[in-house]
Amino acid sequence: EGMALPQRIFPPEKICMDWQQRQRPGAGLFNLGNTCYINVILQCLTHTPPLANYLLSHQHSQSCQQQGFCMMCTMEAHVRKVLCSSASAVLPGAVLRDLKFIGKEFEYGRQENAYEFLRCTLSAMHRACQSTHCDLDVSSQETTIIHQIFRGLMKSRVTCLSCQAVADSYKAFLDVSLDIRGASSLIAVLEDCVTPKQLDQKECFRCSKCKKKAAASKKVTVHHVPRVLTLCLERADQWTGTKISKFVEYPEYLDLRPYMSDTAGEPLLCSLYAIVVHSGDTCLEGHFLCYTKASNGLWYKMDDESVDNCDIHTVLGQQAYLLFYAR
């Protein structure tokens, strides 16, 4: 209210959710020693249709004025190399060379977390999109293609249990991390997330209507669904640090309408197109591999340099760590 409309860095009407060119799955990626966490995220992003469409169009590189490292230019070259190469596997050399620019915590040759690499990669791409636009206000910064594809909004509503007055707040997200300890399915986790919970004494709520501290409940809902929804099923127990190795059921098609602020209206369907799996006894070691849906509509298991056909039943039977859904 009262704010100037944001400048549009990238027009949303140009984002295409369907593959603009059909081709075979991308090449595999060589593992140079503990680089599987990088490979799985690169493969999932390469097979994200709206992002791949944009990167294959060269729109960024044609206007980029960034001096030195640019994550968007790096990803553009990588996606083209993977999707257009006739080789069965390629080396993600540019990404490995510039690892420290993607995230200061990443050290070549050391096993890291795929989820953290995803977050740092999207952040680096978002910064690169802003590099040619100086002095942007916050709302304009949120209109990069990265945020227009991956950014959603959560709404928190706190209700005073004495007078029923409500207080709403909103928080942007590029991914959602979910506690899976008490559930056997993604649907159960999401249903628990949107169930109102009474705030404990430490989170005492001062009601603006009652003018005093009051008992209150809090409900969190999805207010704006991103074009691509990324979910992390937390497999590291936050109390013990041990890995949660149970199977959590997840659907190929997910209707987000029941978990939204406005539950009325048409179903809001998202389709699964990539997952990341961690194999190993603990979260600090082991191996990452992924399953992605290629532009030809078929699923493939991508385990570093090997790329093999698989079916949706195989995909849905994994101990998933990261889930990628597209609207």
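Residues numbered from 1 in each chain as written. Predicted model: local features only at pLDDT ≥ 70, side-chain atom pairs only at ≥ 80, totals over all residues. Heavy atoms only, no water.

Notes on unusual backbone geometry
You will see that Asn34, though not glycine, has its phi angle at about 60 degrees, which is positive. With respect to the helices and strands, the residue Asn34 is situated in the loop between strand 1 (28-29) and helix 1 (36-46). In this model, Lys211 sits at a positive phi of 60 degrees, which is unusual for a non-glycine residue. With respect to the helices and strands, the residue Lys211 is situated in the loop between strand 7 (205-207) and strand 8 (212-214). (Helix = DSSP H or I, 4+ residues; strand = E, 2+ residues; numbered from the N terminus.)

Examining the pattern of salt bridges
One pass over the structure, following the stated rule, counts 8 salt bridges. We note a salt bridge from Arg110 to Glu107, for which the minimum N-O separation is 3.4 Å. Classification of Arg110 by relative accessible area gives partly exposed; the value is 37%. The exposure class of Glu107 is partly exposed, given its relative accessible area of 46%. Ionic pairing is found between Asp192 and Lys197, a salt bridge with its closest N-O pair at 3.9 Å. Several salt bridges share partner residues, and in doing so they unite Glu107, Arg110 and Glu112 into one network. (Salt bridge = Lys/Arg side-chain N within 4 Å of Asp/Glu carboxyl O. Buried < 20%, exposed > 50% of the residue type's maximum accessible area, 1.4 Å probe, protein only.)

Some details on helix 10 (residues 186-193)
Of the positions making up helix 10, those classed as buried are Leu186, Val189 and Leu190. Across the axial projection of helix 10, the buried residues extend over an arc of 95 degrees, all falling on one side. At its buried positions, helix 10 is contacted by strand 5 (176-179), strand 10 (228-234), strand 11 (253-255) and strand 16 (320-326). (Arc of directions from axis to C-beta. Contact = heavy atoms within 4.5 Å.)

Comments concerning the packing of helix 4 (residues 71-84) against helix 7 (residues 114-130)
As a packed pair, helix 4 and helix 7 sit with axes 7 Å apart at the nearest point and diverge in direction by 115 degrees. Considering the angle they form, helix 4 stands roughly perpendicular to helix 7. Only Thr121, Ala124, Met125, Ala128 and Cys129 of helix 7 make contact with helix 4, whose side of the interface consists of Met71, Met72 and Met75. Split by residue class, the contact of helix 4 with helix 7 holds 7 nonpolar, 1 polar and no charged. (Axes fitted to C-alpha atoms, helices over the stretch in contact; angles between N-to-C directions. Parallel < 35°, antiparallel > 145°, perpendicular 65-115°, else oblique. Nonpolar A, V, L, I, M, F, W, Y, C, P; charged D, E, K, R; others polar.)

Overview of the environment of Phe247
Relative to the elements of secondary structure, Phe247 occurs in the loop between strand 10 and strand 11. For Phe247, a relative accessible area of 40% gives the class partly exposed. The spacing of Phe247 and Leu231 is 16 residues in sequence and 15 Å in space, taken between C-alpha atoms.

What about the layout of surface pockets?
Put simply, the largest pocket is a space of about 1100 Å³. In terms of lining, the largest pocket is formed by 40 residues, of which the most central are Met154, Val176, Ser177, Cys193 and Val220. When residues of the lining of the largest pocket are traced back to their parent elements, those giving at least two are strand 3 (152-160), strand 4 (166-173), strand 5, helix 10, strand 6 (197-198), strand 9 (216-224) and strand 10. Of the volumes computed, that of the second largest pocket is approximately 270 Å³. If you go around the second largest pocket, you meet 14 residues; those closest to its centre are Met17, Asp18, Trp19, Pro49 and Lys293. If you tally residues by element for the lining of the second largest pocket, the top one is strand 12 (residues 269-279), at 3 residues. For the lining of the second largest pocket, a count of residues per class yields 7 nonpolar, 3 polar and 4 charged. (1 Å grid on protein atoms, 1.4 Å probe; cavity = no way out; pocket = protein on both sides within 12 Å on 5 of 7 lines; lining within 4 Å. Points joined across faces, edges and corners; volume = space filled by probe spheres on them.)

So, the nonpolar core
Counting 56 residues, the largest nonpolar core has Ile41, Met72, Phe117, Ile146, Val276 and Leu322 as its most contacted members. It is helix 7 that contributes the most residues to this core, 10 residues altogether. If near-sequence neighbours (up to four positions away) are discounted, Val276 is found in contact with Val40, Ile41, Cys44, Ala114, Phe288, Leu289, Cys290, Ala320, Tyr321, Leu322 and Phe324. Grouped together as the second largest cluster of nonpolar side chains are 35 residues, Ile180, Val225, Ile244 and Leu289 included. (Core = buried A, V, L, I, M, F, W, Y, C linked by side-chain atoms within 4.5 Å.)

Notes on the sheet that holds strand 4
Across the sheet, 4 strands lie side by side as 4-3-9-6; this open sheet has antiparallel pairing. One side of each edge strand has no neighbouring strand; the edge strands of this open sheet are strand 4 and strand 6. (Pairing = 2+ DSSP bridges.)

A few points about the pairing of strand 3
The element strand 3 is largely enclosed, with a buried count of 7 among its 9 residues. Of the strand pairs in this sheet, strand 3 and strand 4 are connected by 8 bridges, and their pairing is antiparallel. Considered in strand 4, the bridge of Val158 is made with Ala167. Taking the residues between adjacent antiparallel strands as the criterion, strand 3 and strand 4 are bridged by 5 residues, where Gln164 takes a positive phi near 70 degrees.

A look at the packing of aromatic side chains
In this structure the tally under the stated criterion is 6 aromatic pairs. Each ring, one from Tyr37 and one from Phe106, has its centre 5.9 Å from the other, and the planes form 35 degrees; the classification is tilted. Linking Tyr37 in helix 1 with Phe106 in the loop between helix 6 (99-102) and helix 7, this pair joins segments that are 69 residues apart in sequence. Of the two residues examined, Tyr37 and Phe106, each falls in the buried class. Centroid distance Phe106 to Phe117: 5.4 Å. Interplanar angle 70 degrees. Geometry classified as edge-to-face. In this pair, Phe106 sits in the loop between helix 6 and helix 7 while Phe117 sits in helix 7, placing the two residues 11 residues apart along the sequence. Each member of the pair, Phe106 as well as Phe117, carries the same accessibility label: buried. (Phe/Tyr/Trp six-rings, centres within 6.5 Å; stacked < 30°, edge-to-face > 60°.)

The quantities given are spatial measurements derived from coordinates; they are silent on function.
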